[in-house]
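# Breakdown of the fold
Single-letter residue listing:
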Amino acid sequence: MRNKVYLSLVHYPVYNRNKDIVCTSVTNFDIHDISRSCGTYEIKGYRLVVPVDAQKKLTERIIGYWQDGTGGQYNKDREQAFRVTDVAESIEAVVEEIERIEGQKPLIITTSARIFDNSISYENLSKQIFEDDKPYLLLFGTVWGLTDEVMAMSDHILEPIRANSKYNHLSVRAAVAIILDRLFGEDGFFGAGAWWIIVLFFLFLAFGESWVDIDIMAWIPFLILLLITCSCGGFFGEGGCGC
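Residues numbered from 1 in each chain as written. Predicted model: local features only at pLDDT ≥ 70, side-chain atom pairs only at ≥ 80, totals over all residues. Heavy atoms only, no water.

### Some thoughts on the overall build of the protein
Across its full length, the protein carries 11 helices and nine strands. In the protein, the share of contacts with a sequence separation of at least 24, taken over all contacts with a separation of at least 6, comes to 77%. Within the structure as shown, the protein displays about 14700 Å² of accessible surface, and the carbon and sulfur contribution to it stands at 55%. (Helix = DSSP H or I, 4+ residues; strand = E, 2+ residues; numbered from the N terminus. Contact = heavy atoms within 4.5 Å. Areas by Shrake-Rupley, 256 points an atom, 1.4 Å probe, with all protein chains shown as cover.)

Here it is as structure tokens:
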């Protein structure tokens, strides 16, 4: 279900550019920006997998500053975003935590810049999550990606983000935001409120004889402008025309 989705940023085990298994450093940007993305798309839990004690303590200190400290008092929006954020020592620990909360193990979804036999499209995964009652764990790797062992744990691997360009080096926090929006954002054309076009079409069929004396060609530019406005938000602000 939509309310049983968790996300984890894995700092170990991941590959470096030489294909060595390493533990990467936690960055302040990844803590903040991914917490905000998780809050925006109502992710139930965000866990940074950090096994090194020094990094774990530093990360917990940063999180605590925004959850319980002065930062949260100063910026309530940031405090709200950090409510779902915490640190874990391993992927296995995250899976065990979710199992305790939900009563069953989560389906593990990993991300990669490559295509695999069990790759899944954003459309199909989004539909599966909304229709399914199982918890889901989205795993994101740092630097050069999750190890083969972690990839083998996954139930599905999301298809790569394709930007139609030769450059393919998105930051992980940018990739997280894009993927969450593709999975849980507005459902394309019809999610933008354009369902009313279908209603108009059936009204046209039902009362077709009443339209005989109307010059429909004169109305086409207005109808096109109205369609664009309601679909994109247009002149009516963030909420569109309210359709």
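### Points about the pattern of salt bridges
Tallied over the entire structure, the rule returns eight salt bridges. A salt bridge links Lys44 to Glu102, with the nearest nitrogen and oxygen atoms 2.7 Å apart. On the criterion of sequence distance, the pair formed by Lys44 in the loop between helix H1 (28-40) and strand E4 (45-49) and Glu102 in helix H5 (residues 91-102) is long-range, its members being 58 residues apart. For Lys44, a relative accessible area of 38% corresponds to the partly exposed category. Accessibility expressed as a relative area gives 15% for Glu102, which makes it buried. A salt bridge links Lys56 to Glu89; the shortest N-O distance between them is 3.0 Å. (Salt bridge = Lys/Arg side-chain N within 4 Å of Asp/Glu carboxyl O. Buried < 20%, exposed > 50% of the residue type's maximum accessible area, 1.4 Å probe, protein only.)

### Things to note about the packing of H1 against helix H2 (residues 53-67)
For the pair H1 and H2, the least separation of the axes is 11 Å and the interaxial angle reads 40°. Relative to H2, H1 is oriented oblique. For the element pair H1 and H2, the recorded crossing hand is right-handed. Seen from H1, the contacting residues are Asn28, Ile31 and His32; seen from H2, they are Thr59, Ile62, Ile63 and Trp66. In the contact of H1 with H2, the residues fall into four nonpolar, three polar and no charged. (Axes fitted to C-alpha atoms, helices over the stretch in contact; angles between N-to-C directions. Parallel < 35°, antiparallel > 145°, perpendicular 65-115°, else oblique. Left-handed = near helix turned anticlockwise from the far one by under 90°. Nonpolar A, V, L, I, M, F, W, Y, C, P; charged D, E, K, R; others polar.)

### Describing the sheet that holds strand E5 (residues 85-88)
Backbone hydrogen bonds are what pair the strands of a sheet, in a parallel or an antiparallel way. Strand order in the open sheet made by the seven strands is E5-E4-E1-E8-E6-E9-E7, with parallel pairing throughout. Each edge of the open sheet carries a strand with a single partner, namely E5 and strand E7 (119-120). Note that strand E6 (residues 107-111) and strand E8 (residues 136-141) share four bridges and pair parallel. Looking at the pairing, Ile109 lines up with Leu138 of E8. Sheet strands touched by H2: E4 and E5. Its angle to E5, the strand with the most contacts, is close to 165°. (Pairing = 2+ DSSP bridges.)

### Description of the pairing of E8
With respect to burial, E8 is a largely interior element, six of its six residues being buried. Judged from the six bridges that link them, strand E1 (residues 5-10) and E8 form a sheet pairing that is parallel. Following the sheet pairing, Tyr6 is matched in E8 by Leu137.

### As for the packing of aromatic side chains
Applying the stated criterion across every chain yields a total of three aromatic pairs. Pairing Tyr65 with Trp66 gives two aromatic rings, centres 5.2 Å apart and planes at 90°, and the pair type is edge-to-face. The class for Trp66 is buried, based on a relative accessible area of 14%. Pairing Phe130 with Phe184 gives two aromatic rings, centres 6.3 Å apart and planes at 55°, and the pair type is tilted. In this pair, Phe130 is assigned in helix H6 (residues 122-131) and Phe184 in helix H8 (residues 172-184), connecting sequence segments 54 residues apart. According to the relative accessible area criterion, Phe130 is partly exposed, its value standing at 45%. Note on Phe184: relative accessible area 9%, which makes it buried. It is Arg2 that lies over the ring of Phe184; its NZ or CZ is 4.2 Å from the centre. Just above the ring of Tyr15 sits the side chain of Lys19; from NZ or CZ to the centre is 4.2 Å. (Phe/Tyr/Trp six-rings, centres within 6.5 Å; stacked < 30°, edge-to-face > 60°. Lys NZ or Arg CZ within 6 Å of the ring centre and 35° of its normal.)

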